[in-house]
Amino acid sequence: MRLLACLLTALLTVSATAQTFYYDDDTLREMYRVGIDESQTRALAHQLLDVIGPRLAGSEGLEQSQDWLIETYQEWGVATEKQEIGTWSRWKGGILHVDMLAPRVTSLEAELKAWSPATNGPVTGDVLLPPSDGDIEAWKANVAGNFVLLSAPEEMCRARQELEANAQEAEISALNDRRVGTARAHAARLQHLTGLGNAFRAAASAASLVDSLGAAGTLESRWSGGWGVNKVFATNNQQAVSLDVSCEDYGLLYRLVANGTPVRLRVNAEAEFGGEVPQFNVIARMEGSELPDEYVILGAHLDSWHAATGATDNGTGTLTMLEAARILKETYPNPRRTILIGHWANEEVGLVGSAAFREDNPEIMEGVQAMFNQDNGTWAFERLEGQAFAESPMFLPRWAGALPAEWQARMVVEVPGAQNNAGSDHTSFVCAGIPSFRLQSPYDEYRQYTWHTNRDTFDKVMFDHLAMNATTAAIVAYMASEDERRFGREKALLPPSRNGMARSWRGCRDVVRSSGR
């Protein structure tokens with residue numbers, strides 16, 4: 001037994017020192033050991049993604065995930081609090097069945113769009129296209145009790161990289177021409193119905209119109225460009241059920257109706273509304289021992305869309321920062337500066353949680369040394385950008401230089417940076433001149449297959465990379481906390497846009513703290 005114990009100890013020591021550190025720092029090596037050899041990311045992910053599941057703004061799932069975070073932090077001895085940020089409409093989607101009854105019988109793949117009304121039992125109706133020409137009033141008179149197709153269909157539901165690998169250039173060009181033609185023809189239908197030339201506005205106006213005319217439902221399809229994936233968002237329908245139909249099944253419905261074959265659907269959709277309910281951020285806190293009024297903040301949004309379980313948007317970001325907190329608590333329990341971990345609510349409906357935190361905590365904002373946010377995908381971090389802060393060249397390369405050399409080889413540190421990839425929670429702080437940085441993973445596969453889709457589930461997570469990212473977040477937080485210098489807020493000039501136009505820093509938008517539903 002003693003020999004086995006010695007062998008295990010030796011193996012752990014080798015594992016913890018297997019990476020090349022440029023800094024002679026025992027804390028860094030211990031962070032690596034705790035974060036990599038003792039990673040808890042898989043067990044944490046199971047609870048968040050499999051057991052709790054989707055975390056739509058205003059939903060019970062979001063509340064359950066917040067309670068679970070607080071319980072987890074309490075088990076680790078980390079102080080937490082909930083900060084109210086406003087209210088949002090509660091909605092819960094239930095069982096959904098979508099069946100084509102004619103011209104043949106088959107079940108269709110579809111998702112209920114967020115905040116869609118229910119059907120209150122099975123509803124049967126015909127499928128209609130928007131009118132291409134002729135008497136609009138006569139068409140409107142036929143809408144009640146039927147389903148209306150609002151999106152253009154796709155010519156092919158095959159991933160683009162397969163076409164690029166196997167089709168000839170002329171074939172791809174012809175397919176793209178057909179796709180453009182189909183989209184224009186459908187846009188012309190919407191314009192005839194609504195009088196609007198802008199395709200996005202025309203589709204929204206058409207949805208509102210047919211909803212008010214007593215349609216049984218609206219059918220849309222937002223294909224994500226890969227096998228079996230659609231992006232599923234929300235609806236403003238008040239009466240008609242709103243469905244996102246898979247690329248393949250939507251194309252089937254559209255072709256049948258466009259070629260004169262009557263199509264009949266039966267839809268049974270359950271949904272519950274609960275009115276406006278309070279919304280919260282969860283903030284964990286490790287008090288600073290020397291500079292308690294200066295702050296290093298790790299952040300990630302907790303909410304997700306509802307068609308899957310939000311694994312990579314943003315379960316992996318949430319787990320990165322949660323696991324980083326565990327690593328810090330075990331290896332760096334008395335930080336020099338106060339370390340906060342912000343689990344932002346309602347990012348998906350307008351960066352609400354992070355922006356509310358900025359507005360509601362001016363004393364913390366005044367004392368921020370640095371913030372690090374993560375919000376895309378499952379792969380190892382490939383980029384850290386200085387967000388155009390003039391002093392970022394003096395800090396970020398040095399902080400990232402504490403990472404193992406093998407990890408640094410994967411990641412580009414760009415300073416002072418161009419403020420690329422706006423639209424996530426880091427921008428809620430950058431807009432106010434607060435040093436906030438994005439820990440960025442690769443984008444292409446994420447955008448195509450998991451971002452806001454019906455396939456964003458546990459099985460997509462790369463756990464070795466997730467453990468690496470959590471350890472990275474802990475290390476850069478440690479370095480920022482220990483730094484003898486305070487990060488300044490001088491702004492660098494932004495590089496010109498792609499068309500050569502001068503760019504300026506974005507200002508902060510007003511925070512929308514209720515759904516308005």
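Look up: the structure comes first, before these words.
Remember, predicted model here, so these are calculated numbers, not experimental data.

### So, the pattern of salt bridges
For step 1, the next point in the chain: Within this structure, the stated rule accounts for 26 salt bridges.
For step 2, the next point in the chain: Salt-bridge contacts for Glu 154 lead to Arg 179; the nearest nitrogen and oxygen are separated by 3.0 Å. Of the two residues, Glu 154 sits in the loop between β5 (147-149) and α6 (160-166) while Arg 179 sits in helix α7 (residues 169-194), which places them 25 residues apart along the sequence.
For step 3, the next point in the chain: Looking at Glu 154, the relative accessible area reads 25%, which means it is partly exposed.
For step 4, the next point in the chain: With its nearest N and O atoms 3.6 Å apart, the salt bridge here joins Glu 155 to Arg 178. Separated by 23 residues along the polypeptide, Glu 155 in the loop between β5 and α6 and Arg 178 in helix α7 bring together distant segments of the chain.
For step 5, the next point in the chain: Looking at Glu 155, the relative accessible area reads 33%, which means it is partly exposed.
For step 6, the next point in the chain: Taking relative accessible area as the criterion, Arg 178 reaches 44% and is therefore assigned partly exposed.
For step 7, the next point in the chain: When salt bridges that share partners are traced, they join Arg 358, Glu 359, Asp 360 and Arg 513 into one network.

### So, the environment of Ser 107
For step 1, the next point in the chain: Along the chain, the position of Ser 107 falls in strand β2 (residues 106-107).
For step 2, the next point in the chain: A relative accessible area of 55% places Ser 107 in the exposed class.
For step 3, the next point in the chain: Along the sequence, Ser 107 and Arg 266 sit 159 residues apart, while their C-alpha atoms lie 9.4 Å from each other.
For step 4, the next point in the chain: Leaving out residues up to four positions away in the same chain, Ser 107 has contacts with Val 98, Asp 99 and Asp 249.
For step 5, the next point in the chain: A polar side-chain atom of Ser 107 sits 2.7 Å from a polar atom in the side chain of Asp 99.

### Quick notes on the side chain of Glu 323
For step 1, the next point in the chain: Mapped onto the fold, Glu 323 is located in helix α10 (residues 311-331).
For step 2, the next point in the chain: For Glu 323, a relative accessible area of 0% corresponds to the buried category.
For step 3, the next point in the chain: A distance of 3.1 Å separates a polar side-chain atom of Glu 323 from the backbone nitrogen of Gln 40.
For step 4, the next point in the chain: Setting aside chain neighbours within four positions, we find Glu 323 in contact with Gly 35, Glu 38, Ser 39, Gln 40, Thr 41, Leu 44 and Ala 470.

The rules behind these values
Residues numbered from 1 in each chain as written. Predicted model: local features only at pLDDT ≥ 70, side-chain atom pairs only at ≥ 80, totals over all residues. Heavy atoms only, no water. Salt bridge = Lys/Arg side-chain N within 4 Å of Asp/Glu carboxyl O. Helix = DSSP H or I, 4+ residues; strand = E, 2+ residues; numbered from the N terminus. Buried < 20%, exposed > 50% of the residue type's maximum accessible area, 1.4 Å probe, protein only. Contact = heavy atoms within 4.5 Å. Polar contact = N/O pair within 3.5 Å; in protein donor to acceptor, adjacent residues only side chain to side chain.

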